[in-house]
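The chain contents come next:
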Amino acid sequence: MANLFSGLLGNYSEVSIPELSSQYGIYLMPDEKIQMGFRLVRDTFIITDERLIFIDHQGVTGKKTRVASISLESIYEVTMETGGTGFDDSEITIHFIQSPYFKTNNPQIGSYKFEFGKKFNVQPIYVALLTLAHQNHKRLNA
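Residues numbered from 1 in each chain as written. Predicted model: local features only at pLDDT ≥ 70, side-chain atom pairs only at ≥ 80, totals over all residues. Heavy atoms only, no water.

Going by what an unreviewed UniProt entry lists, the protein is known as PH domain-containing protein and is assigned to Paenibacillus sophorae.

### So, the packing of aromatic side chains
Within the structure shown, the criterion is met by three aromatic pairs. Between Tyr24 and Tyr27, the aromatic rings sit 6.5 Å apart at their centres with planes inclined by 25 degrees, giving stacked as the arrangement. Here Tyr24 falls in the buried class, since its relative accessible area comes to 7%. On the accessibility criterion, Tyr27 (32% relative accessible area) is partly exposed. Ring plane angle 15 degrees and centroid distance 5.2 Å describe the contact between Phe45 and Phe54, whose orientation is recorded as stacked. Looking at Phe54, the relative accessible area reads 5%, which means it is buried. Each member of the aromatic cluster is reached from another via a ring pair, and the members are Phe45, Phe54 and Tyr112. (Phe/Tyr/Trp six-rings, centres within 6.5 Å; stacked < 30°, edge-to-face > 60°. Buried < 20%, exposed > 50% of the residue type's maximum accessible area, 1.4 Å probe, protein only.)

### Section: the sheet that holds strand β6 (residues 75-81)
Two pairing modes exist for strands in a sheet, parallel and antiparallel, and in both the strands are linked by backbone hydrogen bonds. Pairing is antiparallel across the open sheet formed by three strands, whose spatial order is β6-β7-β8. Edge strands, defined here as strands with exactly one partner in the open sheet, are β6 and β8 (109-116). Taking the axes of each pair of neighbouring strands and ignoring which way they run, one obtains an average angle of 15 degrees across the sheet. In this sheet, strand β7 (residues 90-97) lies alongside β6 in antiparallel orientation, the contact comprising six bridges. Residue Val78 lies in a different strand from β7, and its bridge partner there is Ile94. (Pairing = 2+ DSSP bridges. Helix = DSSP H or I, 4+ residues; strand = E, 2+ residues; numbered from the N terminus. Axes fitted to C-alpha atoms, helices over the stretch in contact; angles between N-to-C directions.)

### Description of the pairing of strand β5 (residues 64-71)
Where strand β4 (residues 51-58) meets β5, eight bridges bridge the pair, whose relative direction is antiparallel. Considered in β5, the bridge of Phe54 is made with Ala68. Taking the residues between adjacent antiparallel strands as the criterion, β4 and β5 are bridged by five residues, where Gly59 takes a positive phi near 80 degrees.

### Digging into the pattern of salt bridges
Per the stated rule, a full pass over the model turns up three salt bridges. In this structure, Glu19 engages Arg39 in a salt bridge whose closest nitrogen and oxygen atoms are separated by 3.4 Å. Of this pair, Glu19 sits in helix α1 (residues 17-24) while Arg39 sits in strand β2 (residues 34-40), and the two are 20 residues apart along the sequence. Classification of Glu19 by relative accessible area gives partly exposed; the value is 34%. We note a salt bridge from Glu91 to Lys113, for which the minimum N-O separation is 3.9 Å. In this pair, Glu91 sits in strand β7 while Lys113 sits in strand β8, placing the two residues 22 residues apart along the sequence. Taking the relative accessible area as the measure of exposure, Lys113 reaches 47% and is therefore partly exposed. (Salt bridge = Lys/Arg side-chain N within 4 Å of Asp/Glu carboxyl O.)

### Details of helix α2 (residues 123-140)
Counting along an α-helix, one turn takes 3.6 residues, and residues three or four places apart therefore face a common direction. Spanning 18 residues, α2 covers 25 Å between terminal C-alpha atoms, matching the ideal 26 Å at 1.5 Å per step. Among all positions of α2, only Ile125, Tyr126, Ala128, Leu129, Leu132, Ala133, Asn136 and Leu140 are buried. The arc that holds the buried residues of α2, viewed along the axis, is 165 degrees, so those residues lie on one side. In the core, the buried residues of α2 are packed alongside β4, β6, β7 and β8. (Expected span 1.5 Å × (residues − 1). Arc of directions from axis to C-beta. Contact = heavy atoms within 4.5 Å.)

Take a look at the structure:
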């Protein structure tokens, strides 16, 4: 999994695994291992061997925290929107299956959108996640 996301190293500020474990270890499942993590301003994006974890510190003080996770196996589509002129931000949206069974007639689906500054290069993140989504798409339709 680390090779898939190696392109991210030049874009986010990488955070050490011990620091991530110390700050966010309480959110890990038993036997789940952090592969790498990145910080963008005060938000954190963690990649484990099982899922993506998004930690969004909100409000002026950052004490309010939103934690969302998405199973790596459930991601089936990724979209990207780059910043335009004016105040537009760049966005990546991950589409994933929420149903407990991925192969079903009426799957429940969801999406998670995260925004980056206008000058932030989202393309390496998009390509890495798209590669994962493509692999999942082939596996789910095999």
